[in-house]
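Each chain, written out:
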Protein chains: 2
Amino acid sequence: MESTQFPSLEAIKSAAERIKPFVHHTPILSSSAINEIAGCEIFFKCENFQKVGAFKARGAANAVLKLSEEERSLGVATHSSGNHAAALARAAKVAGIPAYIVMPSNAPEIKKKAVKGYGGIIIECEPNLQARETTLEKVVEETGATFIPPYDFMDVIEGQATCALEILEEKPDLDILMAPVGGGGLLGGTALLVHLMKPEIKVIAGEPEGADDAFQSFQAGKLIPQTGPKTIADGLLTSLGKLNFELISDLVEEILLASESEIIEAMRLVYERMKIVIEPSSAVPLAALLANKEKFAGKKVAIILSGGNVDLGKLPF
Amino acid sequence: MESTQFPSLEAIKSAAERIKPFVHHTPILSSSAINEIAGCEIFFKCENFQKVGAFKARGAANAVLKLSEEERSLGVATHSSGNHAAALARAAKVAGIPAYIVMPSNAPEIKKKAVKGYGGIIIECEPNLQARETTLEKVVEETGATFIPPYDFMDVIEGQATCALEILEEKPDLDILMAPVGGGGLLGGTALLVHLMKPEIKVIAGEPEGADDAFQSFQAGKLIPQTGPKTIADGLLTSLGKLNFELISDLVEEILLASESEIIEAMRLVYERMKIVIEPSSAVPLAALLANKEKFAGKKVAIILSGGNVDLGKLPF
């Protein structure tokens, strides 16, 4: 894996111990109805039940807890309008330090409310990437806070890897482990952990057809940025990170695509048969599995349901 | 309790063993966010995760399994357009016997589909109570099937009581146990079990203001039938049964009412904070609790989430 030094299994196990008091050990659920439809045995790791409603709580907690005393005293900062913003604000609150969150002025009120609810300090900026980055630089300069990126960051990847660790500890005899891919923090951490702990398990990703930069990058063998993504899976719009691509191109077996209607159908199946609330991004791996049943026939498959933060007034069914 | 002979604790424990292979031992979940809002500690018994998506699977399984060989060979019958129809069809399928389900011709297609999915034989009738009863009588006469009523029936009440048994085995130090009340099968069984096993725990019911026959009957000390119910909690429209009223009037501490907006608000809270899918009826006890916080301050309260069968295209938010 090039010359980059990625976390060891011991380091990931230490991260799991470190964040244990601050995150949930989420349950693994099954549905005999969905198994019958899918033709394989599926174990759903329910990160929709995680603190802040998404796996992001893991990486943010790990990154904050690994700061030195001195760094902590000055707080943390990031730019995000999604789950990472809330996760970092909460991790900082738990650690008793300030969190500066740069958010575009047009970010949904509900996202701002979540960040404020965890005591995060919101700094608004123009709604474009350049303004976000410039504003963040200024905040970091003025406050001395440490920038915690959402996915392209070693301590965040190490934290997200604890999810797969819990899965393998509970279900060691899997054939396949699936996760969605957006920036690649969850998928990268998952692939790393499986490689270190049980490399015979295949890691397969699900990605929306309408935001397929990871698929394109994986095929081309080089990072191809996302342009004009269009999908209901709003957690997967972003471009794959550099560290994440390195892990994914080396350790992931395959990236399978799912169409919008397949994502919505899979999402509906989870609501109706499992009676749980997930966000569209969570449905992408199941959608990809159902679109490629022959690959999974008779296998034991774990799927990470990445989060449950969805606008209930705008469900697609 | 008059002269009626209700099931003993031993009988309910036997019922739990009897139905064990055919129903889920459902989990108990908590939400620190909801506890904070409520000012007490709440344990949600998730019967929305139960087979057929509702506690009804328990009573139906118990009733079918208690039939004699001879009775079984002729099958079972009921009239219902709700969860009991699906639950009885499934229990019969598991036992390998026919289930004749009388349904009004205007029953929703989704309900008919559920019954057919479990192999139930649907007999349609005019959409009024008299037609349902006459048609059922005819079916029973022609087939020799045993009529299994949805709630006013001892073996069904005994089966529903196994839900509270699981709660008390897992959380013996409760102060209060809450259930919704419609026909009273779940509430009656719950009150009976608590009375037999741990009478110091108070049983409190939640009922919609728009279908308050149990509240009226409880106050008056006599059974007052439901007329013109109007509530989103479609599992609670029916009149309280006779056996159920006997149990409830003797063993329930109090029936608290919830308005439609309180029910919807509580339902939304469960979706947003717990990330689980419940039907409106399930939200009624939490709604009643939140409307009467002072009664529950600092207490340990279990709430039965009775089911999760909801039309996702018609969520009230």
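Because the structure is predicted, anything quoted here is derived from the model rather than measured.

1. Observations regarding the overall build of chain A
No. 1: On a plain count of helices and strands, chain A comes out with 14 helices and ten strands.
No. 2: A globule of 317 residues ought to have a C-alpha radius of gyration of about 20 Å, and chain A, at 18 Å, matches this closely.
No. 3: Seen through its principal axes, chain A has C-alpha atoms that stretch 55 × 45 × 40 Å.
No. 4: The proportion of buried residues among the 317 residues of chain A is 56%.
No. 5: Of the contacts made within chain A by residues no fewer than 6 positions apart, 72% connect residues no fewer than 24 positions apart.
No. 6: A gap of 6 Å separates the mean positions of the 31 positive and 41 negative side-chain charges of chain A.

2. Comments concerning the domain arrangement of chain A
A common way to report how large an interface is uses the accessible area buried once the components associate.
Residues and elements named next belong to chain A.
No. 1: Looking at chain A, the domain boundaries give domain 1 (9-54 + 153-314) and domain 2 (57-147).
No. 2: Put simply, the middle of domain 1 and the middle of domain 2, counted by C-alpha atoms, are 24 Å apart.
No. 3: Taken together, the contact between domain 1 and domain 2 spans 24 residues of the former and 15 residues of the latter.
No. 4: When the two sides are added together, the surface that domain 1 and domain 2 hide from each other amounts to roughly 1,700 Å², 57% of it contributed by carbon and sulfur.
No. 5: It is Arg18, Phe22 and Val52 that lose the most area in domain 1 upon contact with domain 2, and together they represent 36% of the buried surface on that side.
No. 6: Remark: the boundary between domain 1 and domain 2 carries four salt bridges.
No. 7: Residue Glu158 pairs with Lys66 through a salt bridge whose shortest N-O separation is 2.9 Å.
No. 8: For the interface between domain 1 and domain 2, the tally reads 13 residue pairs in polar contact (both at pLDDT 80 or more).
No. 9: Looking at the side of domain 1 that touches domain 2, the elements with two or more residues in it are α1 (9-19) and α8 (154-170).

3. Topic: the sheet that holds strand β9 (residues 254-258) of chain B
All names here are of chain B.
No. 1: Within the open sheet, the six strands sit side by side as β1-β2-β10-β7-β8-β9. Their pairing is mixed. Each end of this open sheet is capped by a strand with a single partner; those strands are β1 (28-29) and β9.
No. 2: Along the sheet, helix α10 (residues 213-220) makes contact with β8 (202-208) and β9, crossing β9 at roughly 145 degrees.

4. Overview of the layout of surface pockets
No. 1: Roughly 1,800 Å³ of volume is contained in the second largest pocket.
No. 2: If you trace the second largest pocket, you find 49 residues lining it, with Glu272(A), Arg273(A), Lys275(A), Tyr118(B) and Asn309(B) closest to the centre.
No. 3: Put simply, the parts of the chain that give the lining of the second largest pocket at least two residues each are α2 (32-38) and α12 (260-274) of chain A together with α5 (83-95) and α6 (109-117) of chain B.
No. 4: Residues belonging to the lining of the second largest pocket are distributed by class as follows: 22 nonpolar, 14 polar and 13 charged.

5. Focus on unusual backbone geometry
Residues and elements named next belong to chain A.
No. 1: A positive phi angle, near 55 degrees, is found at Val52, a position not held by glycine.
No. 2: Of note, the phi angle at Lys275 is positive, near 60 degrees, even though the residue is not glycine.
No. 3: Mapping Lys275 onto the fold places it in the loop between α12 and α13 (280-290).
No. 4: Taking the relative accessible area as the measure of exposure, Lys275 reaches 8% and is therefore buried.

6. Some remarks on the environment of Gln219(B)
Residue and element names in this part refer to chain B.
No. 1: Considering the arrangement of structural elements, one finds Gln219 in helix α10.
No. 2: You can call Gln219 exposed: its relative accessible area is 53%.
No. 3: Through-space distance from the C-alpha of Gln219 to that of Gly188 is 16 Å; in sequence the pair is 31 residues apart.

7. Remarks on the packing of helix α1 (residues 9-19) of chain B against helix α3 (residues 56-65) of chain B
Residues and elements named next belong to chain B.
No. 1: Contact geometry of α1 with α3 gives a least axis separation of 9 Å together with a crossing angle of 90 degrees. Classed by the angle they form, the pair α1 and α3 counts as roughly perpendicular. Between α1 and α3, the residues in contact are Ala15, Arg18 and Ile19 and Arg58, Ala61, Asn62 and Leu65, respectively.
No. 2: Looking at the contact of α1 with α3 residue by residue, the class counts come to four nonpolar, one polar and two charged.

8. Section: the pairing of strand β7 (residues 176-180) of chain A
All names here are of chain A.
No. 1: Across the five residues of β7, five count as buried, placing the element largely inside the fold.
No. 2: In β7, alternate side chains face the same way, and those of Ile176, Met178 and Pro180 on one face and Leu177 and Ala179 on the other are all buried.
No. 3: Bridging between β7 and strand β8 (residues 202-208) involves five bridges; their strand directions are parallel. The partner of Leu177 across the bridge, within β8, is Val203.

9. Thoughts on the state of the cysteines
Residue and element names in this part refer to chain A.
No. 1: A full pass over the atoms with the stated rule returns zero disulfides over all chains.
No. 2: Considering cysteine sulfurs only, Cys46 is the nearest to Cys163, which forms no disulfide, with 10.0 Å between them.
No. 3: On the basis of relative accessibility, which here comes to 0%, the residue Cys163 falls in the buried class.

10. So, the packing of aromatic side chains
All names here are of chain A.
No. 1: Summed over all chains, the structure comprises two aromatic pairs over all chains.
No. 2: On the basis of an interplanar angle of 75 degrees and a centroid distance of 5.4 Å, the ring pair of Tyr271 and Phe317 is categorised as edge-to-face. Of this pair, Tyr271 sits in helix α12 while Phe317 sits in the segment after β10 (300-305), placing them 46 residues apart in sequence.
No. 3: Taking the relative accessible area as the measure of exposure, Tyr271 reaches 0% and is therefore buried.

11. Regarding the UniProt feature "domain: Tryptophan synthase beta chain-like PALP" (unreviewed entry) in chain A
No. 1: As annotated in UniProt, the feature "domain: Tryptophan synthase beta chain-like PALP" (unreviewed entry) corresponds to residues 20-307 of chain A in the numbering used here.
No. 2: End-to-end, the C-alpha atoms of residues 20-307 of chain A are 18 Å apart, and along that stretch the chain is 48% helix and 17% strand.

12. Details of the interface of chain B and chain A
No. 1: At the interface, 17 residues of chain B touch 18 residues of chain A.
No. 2: Note on chain B versus chain A: buried area summed over both sides is about 1,400 Å², and carbon and sulfur give 64% of it.
No. 3: Together, Lys275(B), Val277(B) and Leu312(B) form the three largest contributors to the area buried by chain B at its contact with chain A, with a combined 45%.
No. 4: Summed over the shared surface of chain B and chain A, the result is eight residue pairs in polar contact (both at pLDDT 80 or more).

13. Examining the pattern of salt bridges
No. 1: The final tally for this structure, using the stated rule, is 22 salt bridges over all chains.
No. 2: Residue Glu41(B) pairs with Lys300(B) through a salt bridge whose shortest N-O separation is 3.3 Å. A residue pair is termed long-range when its members are at least 10 positions apart, and Glu41(B) in strand β2 (residues 41-46) and Lys300(B) in strand β10 (residues 300-305) qualify at 259 residues.
No. 3: Its relative accessible area of 34% is what places Glu41(B) among the partly exposed residues.
No. 4: The partly exposed category is assigned to Lys300(B), whose relative accessible area is 25%.
No. 5: A single network of salt bridges, built from pairs that share partners, joins Arg18(A), Lys66(A), Asp155(A) and Glu158(A).

Parameters and conventions
- Think of each chain on its own: its residues are numbered from 1, step by step along the sequence as written.
- Ligands are numbered from 1 and chains lettered from A, in the order in which they are written.
- Only residues with pLDDT of 70 or above have their local features reported here, since the model is predicted, and side-chain atom pairs are shown and tallied only from 80 upward, although totals for entire chains, interfaces and linings are computed over all residues.
- In computing side-chain properties, one takes all heavy atoms of the structure into account and sets aside hydrogens as well as water.
- A helix here means a DSSP run of H or I that spans at least four residues, while a strand means a run of E at least two residues long, and both kinds are numbered starting from the N terminus.
- A radius of gyration in this sense is built from C-alpha atoms; the matching globule rule multiplies 2.2 Å by the number of residues raised to 0.38.
- Type-normalised accessible area, obtained with a 1.4 Å probe on protein chains alone, sets the label of each residue: buried when under 20%, exposed when over 50%, and partly exposed for intermediate values.
- Contacts were defined at the residue level, with two residues in contact if any of their heavy atoms lie within 4.5 Å.
- All tallies of charge rest on Lys and Arg as positive and Asp and Glu as negative; His and the ends of each chain are not included.
- Charge positions come from single atoms, namely NZ of Lys, CZ of Arg, CG of Asp or CD of Glu.
- For the purposes of this description, domain bounds are those given by an automatic or database domain assignment.
- The quantity reported as buried area is the accessible area (1.4 Å probe) lost by two parts once they are put together, taken as the sum for both.
- What counts as a salt bridge is simple: a side-chain nitrogen of Lys or Arg found within 4 Å of a carboxyl oxygen of Asp or Glu.
- Polar contacts, as used here, are pairs of N or O atoms within 3.5 Å; protein pairs need one atom able to donate a hydrogen and one able to accept it. Residues neighboring in sequence count only if both atoms are side-chain atoms.
- A pair of strands is treated as paired once DSSP finds two or more bridges between them.
- The convention used is that axes are lines fitted to C-alpha atoms, helices contributing only their stretch in contact, and that angles between N-to-C directions extend from 0 to 180 degrees.
- The distinction between a cavity and a pocket rests on a 1 Å grid over the protein atoms alone: a 1.4 Å probe fits inside a cavity but cannot get out, while a pocket stays open yet meets protein on both sides within 12 Å along at least five of seven lines, and a residue with an atom within 4 Å of a point counts as lining.
- Grid points are joined across faces, edges and corners, and a volume is the space filled by probe spheres set on the points.
- Here the nonpolar group is Ala, Val, Leu, Ile, Met, Phe, Trp, Tyr, Cys and Pro; Asp, Glu, Lys and Arg are the charged ones; every other residue, Gly included, is treated as polar.
- Put simply, angles under 35 degrees are roughly parallel, angles over 145 are roughly antiparallel, angles from 65 to 115 are roughly perpendicular, and the rest are oblique.
- In this description, a disulfide is simply a cysteine sulfur pair whose atoms lie within 2.5 Å.
- Aromatic rings from Phe, Tyr and Trp, with only the six-membered ring used for Trp, were paired whenever their centres fell within 6.5 Å, and each pair was classed as stacked if the ring planes differed by under 30 degrees, edge-to-face if by over 60, and tilted otherwise.
- UniProt positions are given in the numbering used here, feature names are shortened, and annotations may be inferred rather than shown by experiment.

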